[in-house]
Amino acid sequence: MAKILIVDDEPRIRELIREHLQYAGYTCDEAADGSAALARVSAAGYDLVILDLMMPFMDGMTCLREMRTRRINTPVIILTARGEEYDKLAGLEGGADDYVVKPFSPRELVARVKAVLNRTLVHTDAAGTVMTYGQLSIDTASHTVRVAGEEVPLTPKEFDLLVFLASNKGIALSREKILQKVWNYDYFGEDRTVDTHVKMLRGHLGACRGYIVTVWGIGYKFDPDGRR
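Residues numbered from 1 in each chain as written. Predicted model: local features only at pLDDT ≥ 70, side-chain atom pairs only at ≥ 80, totals over all residues. Heavy atoms only, no water.

As annotated in an unreviewed UniProt entry, the protein chain carries the name Stage 0 sporulation protein A homolog and is attributed to Candidatus Faecalibacterium faecipullorum. The UniProt entry for the protein chain carries the following comment under Function (unreviewed entry): "May play the central regulatory role in sporulation. It may be an element of the effector pathway responsible for the activation of sporulation genes in response to nutritional stress. Spo0A may act in concert with spo0H (a sigma factor) to control the expression of some genes that are critical to the sporulation process." (UniProt positions renumbered as here; feature names shortened; annotations may be inferred.)

*Asks:* Break down the nonpolar core for me, with residues and values.
*Replies:* Residues Leu 136, Ile 138, Val 145, Ile 178, Leu 205 and Phe 222 are the most contacted members of the largest nonpolar core, which totals 29 residues. Elements supplying a minimum of two residues to this core: strand E6 (130-133), strand E7 (136-139), strand E8 (144-147), helix H7 (156-167), helix H8 (175-182), helix H9 (191-205) and strand E12 (219-222). With 7 residues, H7 is the largest single contributor of residues to this core. If we skip the residues at most four places from it in the chain, Val 145 touches Leu 136, Ser 137, Ile 138, Glu 150, Glu 151, Val 152, Leu 154, Phe 159, Leu 162 and Leu 205. (Core = buried A, V, L, I, M, F, W, Y, C linked by side-chain atoms within 4.5 Å. Buried < 20%, exposed > 50% of the residue type's maximum accessible area, 1.4 Å probe, protein only. Helix = DSSP H or I, 4+ residues; strand = E, 2+ residues; numbered from the N terminus. Contact = heavy atoms within 4.5 Å.)

*Asks:* Break down helix H2 (residues 34-43) for me, with residues and values.
*Replies:* Considered for burial, the residues of H2 that qualify are Gly 34, Ala 37, Leu 38 and Val 41. Seen end-on, H2 carries its buried residues on one side only, within an arc spanning 100°. Buried residues along H2 sit against strand E1 (3-7), strand E2 (27-31), strand E3 (48-52) and helix H3 (60-69). Between a side-chain oxygen at the N-terminus of H2 and the backbone nitrogen of Ser 35 the separation is 2.9 Å; the capping residue is Asp 33. (Arc of directions from axis to C-beta. Polar contact = N/O pair within 3.5 Å; in protein donor to acceptor, adjacent residues only side chain to side chain.)

*Asks:* An account of the confidence of the model for the protein chain is needed here, citing residue identities and associated values.
*Replies:* Do not read the fine detail of predicted coordinates wherever pLDDT is low. When pLDDT is averaged along the protein chain, the result is 85; 89% of the residues meet or exceed 70. Of the regions scoring below 50 in pLDDT, residues 120-126 engages in 8 contacts with residues more than four places distant in sequence or in other chains. (pLDDT = per-residue confidence, 0-100.)

*Asks:* Tell me what's going on with the sheet that holds strand E11 (residues 212-215), and back it up with residues and numbers.
*Replies:* As summarised here, the arrangement of the 3 strands in space is E10-E12-E11, forming an open sheet in which the pairing is antiparallel. Both edges of this open sheet fall to strand E10 (173-174) and E11, since each of them pairs with a single strand only. As defined by bridge partners, E11 adjoins E12 across 4 bridges and the pair is classed as antiparallel. Paired with Val 213 across the strands is Lys 221, a residue of E12. Sitting on the sheet, H7 is in contact with E10, E11 and E12, with an inclination near 70° to E12. (Pairing = 2+ DSSP bridges. Axes fitted to C-alpha atoms, helices over the stretch in contact; angles between N-to-C directions.)

This is the structure in structure tokens:
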């Protein structure tokens, strides 16, 4: 049973989220600000954090960045105000796996929680495969990625994205297909989510960033043998 930390300074919001997640079968803890959340995730293991951005003492963005700095790679869904495009992009670039806009539908939030937790890509190869392309190696058993022998820190969603692209080497994949397979989105999600994660993933891959090729008008493909 997945354990989820709900972080929001509004008790009514936390209660609403907790009720729906518990009904869906999840175990939930709560925190009222980023500082308390950071202490909890540092001391206990969570499968997912739902993190509001606008909070006192320590805001959600600061908490998220501190988590990633400490190599706490627990998946994070951020809660943002409607229309705040900057917050969405900043959250994704800061290491969030997804976002939900306030006011939100509890059913949509539960669906996104299930999508983030349903890591089919991580569990498809129980034996563990090491995929090697030039200086890049991807170990699906240990969930580690190395470039020229140096380990590259990726969030769980960045890792899933890289595995999906590499598993479809040479195939042009639309943003819609990537959303369906990596985020498990059939009816919601935005192209910008894919673009932002590809941008971050390329940044992490350094000398191998060119392995992920933009296919104009379609999406992306993994092409480690192409000319760059």
